[in-house]
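Residues per chain, in single letters:
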Amino acid sequence: MEHEEAKKTTFWANIGNFFKKIGSKISEKAAKKAGSSNKTQMLEWKKDGWKATVCLAPALIILAVFTFYPILNTFLVSFFPDYNYVTDEFGSFGFDSYALVLQDATFWRAMGNTALMVIVSVPLSILIALIITVLLNSIKKLQGFFQIIFFLPYVTNGIAFGLVFATIFSPMDYGLVNTLLNAVGISSVGWTGTTNIPYWAGLFVITVYAIWNGLAFKILVFLSGIQGIDKQYYQAAQVDATPRWRVFTKITVPLLSPMILYITITSMMGAFKSYSSVVSLFGESMGNGQNETFITAVGYIYKYFNRVVHDNISWVLSRASAAAVILFLFILAITGIQMWANKKKVHY
Amino acid sequence: MEVKLVNLTKCFSKKEGNVVAVDHLNITIPSGKLVGLLGPSGCGKSTTLYMIAGLHRPTEGEIYFENNEVSKFPPEKRGIGLVFQNYALYPHLTVQQNIMFPLENMKVEKKEALRRAQEMANLVGIGDLMARTPGQLSGGQQQRVAIARALVKMPEVLLLDEPLSNLDARLRLQTREEIKRIQKETGITTIFVTHDQEEAMSISDEIVVMNFGVVQQIGKPQDVYNEPANMFVAKFLGTPPINIIPAIVQDGKIMMYNAEFKEKHNLDLSSIDGLNIGVRPEYIKVDPKGKYKVYVEMVEYIGRDKTLIFKFDGQENTCKAIIPSEVDVLPGSEINIDFKRYFIFDKEGTRLL
């Protein structure tokens, strides 16, 4: 028993040491980066390092198993076209999967759809969220009530959204939008759920859905940001007879710019990953019947990934991985450009 | 432009009930003068300033600029320049953009706006810092930018809210002279708020001493200092502060602790049982033939002068006197002093003499 106990402690001590090493390396680096040569501070870092590591361990382990390992594996698999999901045999190295993906018209349609969502819905939803936030912030009565109303979508189930949107954009004459259209003499449009959805109509529904879906969180972030802005800036602007629009563009927006950058990046990433919105609106086929009109990049990946399970065609998982890597590179590049471009425009 | 406040009142309704921040204020601020609103924190001086600016709406009373009533006007219609306590410079704009901001609102032509901004920046002495952002400036420089921004639209009235409170001691001295200079050069009616009596005394043409939302005294700094209207004003002005010696009337004599107050006075003592005698530290002189015997506790040398800390017989706390440094006094000794001047207040603080 005693022996076992000792063994146990050495085992854990070893693990502890391992993390300690990593921890202290990181902390040393951080300390160096902060320009601090204070030795006592370094010692404290080292002393507390293992405690921090232990506290972080559960999260790190879960992240390692479910995030870091799959990411690495995805990269790996994408370069082995013959990778077999069931036997875990890699086969030979090659770029065939990338070639196949890049030559696939469906992939480019998926990327096109995704790009449209990113370009249209993200800026629109940010602008709308900003305007709602400013209006919300300028009312005094019932502000809390409206805050709750605007935040409700955030805690609402996605399937419930889908059902509500299915009713609003039903292709039948009794659909909410179609009823309105009929009232002004326009014939019904097949917004969703038929085999004959016009491309523009489908995109319109997706955009409305995406904007509305993302609004709650954006308003929350902007509102907390706007309430952190010193009221005296607004008083100063008022004394100087600043028109309202100028107050918005010259004071509110620049002072909110860190939040706007954060929201832009996260919601662009979100838009790049959009899949569930399309599925909940158009079903798993993501479009008119089987022809995947509104397929997204993630939809494409998911489709090929799924095919493995059903058909056991080995190279398809590699194709899905290759598509995922391409999507990753896109997001990386665009985020990088954004960070770089915003460096001069964001005021911390 | 002359600024006149008539019966100006501001109540804030709070949970505990209404708080009267400013109580029927009547002040006339003459055109082209630098006037300091002075008082302890919470006395309503900033509220008064914000009412003049239009950021607070008066509960009662009127504000006149020359002969126009402006109480109902929003801030932007009043033609005032306001410098906030923490300057409220837009952190994302350069000094130049900050100063030009009001001009752009007025749709002044770009070239003209640039010229005026530069001119104003030169006036306040930051002409070479136009390309910097407020974060890259020192407190004193930021303060000048704020003044330049307030002045560039050529307002009729300049309002300054505790303009020097964010500066260190040395910079404060320097900046208050700057404010005085800028005010003299522009000739603009300027009202500023401060809780620092020294600051108010040194630069104001006139000071308005306030307490609990009520004006205590208005006048030239030196006059207010020399002839305070009541004990509050006497105590509030001057460092070290005035000695207030509580006295009681006994057998027709005024007794300060165990010492008799021997100055001539024409007070009718029959109806008075207690008084406060105010003597400024510099009104005390050491004289072997002096009327009052006191015990010296401590002597502090402060360069040109020395501070005497002493007690009357029977006194628990201490009094202070400022005497020339060549007068020899030993701590622990007994000396005689005289009052060169004194004020007499009743127990409530109203001045009697």
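As the structure is a computational prediction, the values presented were derived from the model and not from experiment.

A. Summary view of the nonpolar core. With 101 residues, the main nonpolar core has Leu82(B), Leu159(B) and Ile191(B) as its most contacted residues. Sort the elements by how many residues they give to this core and helix α8 (residues 199-227) of chain A lands first, with 12 residues. Not counting the four nearest positions on each side in its chain, Ile191(B) is found in contact with Val3(B), Ile29(B), Val35(B), Leu37(B), Leu49(B), Ile52(B), Val157(B), Leu158(B), Leu159(B) and Leu160(B). Ala234(B), Ile272(B), Val294(B) and Ala321(B) belong to the second-largest nonpolar core, a separate cluster that totals 36 residues.

B. Region of the structure containing the layout of surface pockets. All names here are of chain A. Counted as a void, the largest pocket has a volume near 990 Å³. Lining the largest pocket are 23 residues, and of these Asn137, Ser138, Tyr234, Arg244 and Val247 sit closest to its centre. Grouping the amino acids of the lining of the largest pocket by side-chain chemistry returns 12 nonpolar, 7 polar and 4 charged. Estimated volume of the second largest pocket: approximately 710 Å³. Going through the elements one at a time, α2 (39-78), α12 (297-311) and α13 (314-342) are the ones with two or more residues in the lining of the second largest pocket.

C. Inspection of unusual backbone geometry at higher detail. All names here are of chain B. Residue Pro240 is bonded to the preceding Thr239 through a cis peptide linkage, with omega at -15°. Of note, Pro240 is situated in the loop between α8 (231-236) and β11 (243-250). Positive phi values are uncommon outside glycine, yet Ala88 reaches one of about 50°.

D. Structural view of the pattern of salt bridges. All names here are of chain B. As enumerated under the stated definition, the model contains 21 salt bridges over all chains in all. A salt bridge links Glu112 to Arg115; its shortest N-O distance comes to 3.2 Å. Taken together, the positions of Glu112 and Arg115, both in helix α3 (residues 110-124) and 3 residues apart, correspond to about one turn of that helix. Note that Arg304 and Asp305 form a salt bridge whose closest N and O atoms lie 3.6 Å from each other. Assessed through its relative accessible area of 68%, Arg304 is described here as exposed. Taken together, the shared-partner salt bridges in this structure form one network comprising Arg144, Glu178, Arg181 and Glu185.

E. Structural view of the sheet that holds strand β5 (residues 68-69) of chain B. Residues and elements named next belong to chain B. Read from one edge to the other, the open sheet built from 4 strands follows the order β2-β1-β4-β5, with strand pairing classed as antiparallel. The open sheet terminates on both sides in strands that have one partner only, identified here as β2 (17-29) and β5. Each of β1 (3-14), β2 and β4 (60-65) touches helix α1 (residues 45-53); the most contacted strand, β1, lies at about 115° to it.

F. Molecular detail of empty space enclosed by the protein. The tally for this structure, following the rule as stated, stands at 3 cavities of 30 Å³ or more. Size it by volume and the largest cavity reaches roughly 50 Å³. What lines the largest cavity is simply Ile147(B), Leu151(B), Leu158(B), Leu160(B), Ile179(B), Ile182(B), Gln183(B), Thr186(B), Ile188(B) and Thr190(B). Looking at the lining of the largest cavity, the elements that each hand over two or more residues are α4 (139-151), β7 (157-161) and α5 (169-186) of chain B. Here the lining of the largest cavity gets 4 residues from one element, more than from any other, and that element is α5(B). Taken together, the residues of the lining of the largest cavity sort by class into 7 nonpolar, 3 polar and no charged. Approximately 40 Å³ is the volume attributed to the second largest cavity. Residue lining of the second largest cavity: Ala236(A), Val239(A), Asp240(A), Leu82(B), Phe84(B), Arg149(B) and Ala150(B), and that is the complete set. Classifying every residue of the lining of the second largest cavity gives 5 nonpolar, no polar and 2 charged.

G. Main features of the sheet that holds strand β6 (residues 80-83) of chain B. All names here are of chain B. With respect to topology, 6 strands assemble into an open sheet ordered β6-β7-β8-β3-β9-β10, the strand pairing being mixed. Pairing within the sheet leaves two strands with one partner each, and these edge strands are β6 and β10 (214-219). Strand-to-strand twist in this sheet, taken as the mean axis angle between neighbours without regard to direction, amounts to 15°. As paired strands, β7 and strand β8 (residues 189-194) are joined by 5 bridges and run parallel to one another. Within β8, the position partnered with Leu160 by the bridge is Phe192. With respect to the sheet, α1 is in contact with β3 (34-38), β6, β7, β8 and β9 (206-211), its orientation differing from that of β7 by roughly 150°.

H. Geometry of the side chain of Asn230(B). All names here are of chain B. By the secondary structure assignment, Asn230 is in the loop between α7 (221-226) and α8. A polar contact of 3.1 Å, which involves the side chain of Asn230, links it to the backbone nitrogen of Phe232. Look past the residues within four positions of Asn230 in its chain and what remains in contact with it is Gln216, Phe345, Gly349 and Arg351.

I. Region of the structure containing the pairing of β1(B). All names here are of chain B. In terms of strand pairing, β1 meets β2 through 9 bridges, oriented antiparallel. Along β2, the bridge assignment pairs Cys11 with Val20. The hairpin formed by β1 and β2 contains 2 residues between the paired strands. Here β1 runs beside β4; their pairing, made up of 5 bridges, is antiparallel. Among the inter-strand pairings, Lys4 is bridged to a residue of β4, identified as Tyr64.

What counts as what
- Residues numbered from 1 in each chain as written.
- Chains lettered and ligands numbered in written order.
- Predicted model: local features only at pLDDT ≥ 70, side-chain atom pairs only at ≥ 80, totals over all residues.
- Heavy atoms only, no water.
- Core = buried A, V, L, I, M, F, W, Y, C linked by side-chain atoms within 4.5 Å.
- Buried < 20%, exposed > 50% of the residue type's maximum accessible area, 1.4 Å probe, protein only.
- Helix = DSSP H or I, 4+ residues; strand = E, 2+ residues; numbered from the N terminus.
- Contact = heavy atoms within 4.5 Å.
- 1 Å grid on protein atoms, 1.4 Å probe; cavity = no way out; pocket = protein on both sides within 12 Å on 5 of 7 lines; lining within 4 Å.
- Points joined across faces, edges and corners; volume = space filled by probe spheres on them.
- Nonpolar A, V, L, I, M, F, W, Y, C, P; charged D, E, K, R; others polar.
- Salt bridge = Lys/Arg side-chain N within 4 Å of Asp/Glu carboxyl O.
- Pairing = 2+ DSSP bridges.
- Axes fitted to C-alpha atoms, helices over the stretch in contact; angles between N-to-C directions.
- Polar contact = N/O pair within 3.5 Å; in protein donor to acceptor, adjacent residues only side chain to side chain.

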